[in-house]
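Architecture at a glance
Letter by letter, the chains look like this.
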Amino acid sequence: MKQLNADAKFAAVRCEQFWGYYKNGETVALPISAADGYAYSRPELLYSHSWYWTGAATGPCNGTQTPPPRGATSGQGTLLQLGADVNQLTGAVSTNVSYYKSSESDTNDGILLVVILAQRLRST
Amino acid sequence: MSLVQSATAFVAGTTLSPAFPGNVAAGDAIVVLVFQSAAISESPPAVSDNQGNTYAQIDTANINANEQLCAFIAPNCAAGSTTVTVTWANSGGSFAVILEYSGVAAASPVDAHSSGAAGPNATLDVQTTGSTDTLIAVCVGSGANLSGSISPSAGWTQEIAFGTTTMVCVWDRAVYPGYFGETIGIHNVNSAGVAAILIALFGGTPGPLTISPAPVFVELPDDTFDAGNQITDVVAKELNEDIKFAAVRYETFWGCYRNGETVVLPVSPADGYFYSRAELLYSHSFYWTGAATGALNGTQTRPPRGATSGAGNMLQFGADVSQLSGVVSTYVSYYASSETDTNDGILLVITHALRMR
């Protein structure tokens, strides 16, 4: 019965979600469960991201949950290509936004909304 | 799966007509158990009812050449007042038990069955495979001062104890997949012994989970289950609620939205729970950077892709779903000779729903 009780609790908190805004070069913070204070380790996290803004950030984001201001583009011209990634091993955020006018201008513009899908590993 | 109602009948002739006291619900199953004191070289009795349901024989058990127990089932029955008719060729003392079960698989409802005759107990076993099976055990015998018995008795409910000098007893219980060996008998049965049948019925499609209207995760301290502590019904129910809560705590939903629309509050298909805004987290993807051609409001039908609202090439874009209000905003800018800012865009929004404690 004790193990059944423990299993029920584990099942209730095994999957949790967190979120925040990040820009290029920042690292997604390790979350802490609001349910029981559990501190997640990096292998327990999976990231998905959405483009909040393709222009530049006006300052650090670092997981803020206040929608950050949208800055201007850092390159001249119009959008040529873009891409983003959150390293699933390290949580490092990278954004690449290129513009083109008379020539290509590559920047690290961009603000991502990162959703963290946390799933606890079995402890035994 | 559960027993809804039952009826019994006895006759010295060749036809029995037990009727349920209430209407049978559509989709329920009717189990018919017949004991006949007649030459069993005859064909098994014919079973039918006034609703046109079709009965299939499950099993038989013969005490001797003149006494036979038969089991039949009609799954997925029609609704209405139901009278079952059992007819056999030879006249003799006979009786029938009819049982209405809800939650039985509508097709091929019998998972396993076994039968036997012995005295005073018959030990039968079945290997069940369904995750929502119910076992039905029936036993019949003759004698004086009769009473039924089943061993091991844990989990069984005696539903029927019918008759005096000849008694039929019926038990049932829910089971998980596994092997079940049951010793079924009747005390004080005469030397002829008993006939018994053990039937495992598949459960139907599971219904929605039942969770209290305001589900909460009940904290059960680990020492609740320390040795020496009594496991009360209250604690057991709280543990059951915790397990159900855990099963449905995290759910996901999705839909397409455009600028200015608000993500709808989802309702759980599992138990009908209405999520509050505070329990939701949104992620989104650009389905289209051009304009929407009309309202979307969470449609799950791929929306048509409209043209751009500004001249020139794309300059920058972005989107957000307010994590507080669910309001969707999209920004798409174009540049030709000057910048044009629009609210073009269609988002695919994933709603991550996590129930609060």
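To be clear, the structure that these remarks concern was listed above.
In this report, we go over the structure that sits alongside the text. (Residues numbered from 1 in each chain as written. Chains lettered and ligands numbered in written order. Predicted model: local features only at pLDDT ≥ 70, side-chain atom pairs only at ≥ 80, totals over all residues.)

1. Brief notes about the sheet that holds strand β20 (residues 346-354) of chain B
Across a sheet, strands are paired by hydrogen bonds formed along the backbone, either parallel or antiparallel in direction. Residue and element names in this part refer to chain B. Spatially, three strands are ordered β15-β20-β16 in an open sheet, and the strand pairing comes out antiparallel. Two strands in the sheet have a free side with no partner beyond their single neighbour: β15 (250-258) and β16 (280-288). Within the sheet, the average angular offset between the axes of one strand and its neighbour, ignoring direction, is 20°. Of the strand pairs in this sheet, β15 and β20 are connected by nine bridges, and their pairing is antiparallel. Along β20, the bridge assignment pairs F253 with T351. (Pairing = 2+ DSSP bridges. Helix = DSSP H or I, 4+ residues; strand = E, 2+ residues; numbered from the N terminus. Axes fitted to C-alpha atoms, helices over the stretch in contact; angles between N-to-C directions.)

2. Quick notes on unusual backbone geometry
All names here are of chain B. Between G119 and P120 the backbone carries a cis peptide bond, its omega angle lying at -5°. Among the structural elements, P120 can be located in the loop between β9 (110-118) and β10 (121-128). Put simply, S151 and P152 share a cis peptide bond, and its omega is -5°. Examined against the element boundaries, P152 turns out to sit in the loop between β11 (133-151) and β12 (157-162). A positive phi angle, close to 65°, is found at N188, a residue other than glycine. When you line up the elements, N188 lands in strand β14 (residues 178-201). At N297, a position not held by glycine, the phi torsion is positive, near 50°. Summarising the element assignment, N297 is placed in the loop between β16 and β17 (313-321).

3. Points about the sheet that holds strand β4 (residues 46-49) of chain B
Residues and elements named next belong to chain B. With antiparallel pairing, the three strands of this open sheet are ordered in space as β2-β7-β4. A single partner strand is all that each edge strand has here, and the edge strands are β2 (15-16) and β4. Pairing of β4 with strand β7 (residues 84-87), which is carried by four bridges, proceeds in the antiparallel orientation. Paired with V47 across the strands is V86, a residue of β7.

4. Quick notes on the nonpolar core
One finds V32, V138, V168 and A196 of chain B to be the most contacted residues of the largest nonpolar core, which totals 65 residues. Take this core: its biggest share by element is 12 residues, from β14 of chain B. Ignoring sequence-local partners within four residues, the contact set of V138 of chain B consists of L33, L69, A71, V168, V170, A196 and I197 of chain B. Counting residues in each nonpolar core, the second largest holds 37 residues, with V115 of chain A together with L280, V328 and I346 of chain B among its members. (Core = buried A, V, L, I, M, F, W, Y, C linked by C-beta atoms within 7 Å. Buried ≥ 20, exposed ≤ 12 C-beta atoms within 10 Å, placed from the backbone. Contact = placed C-beta atoms within 7 Å.)

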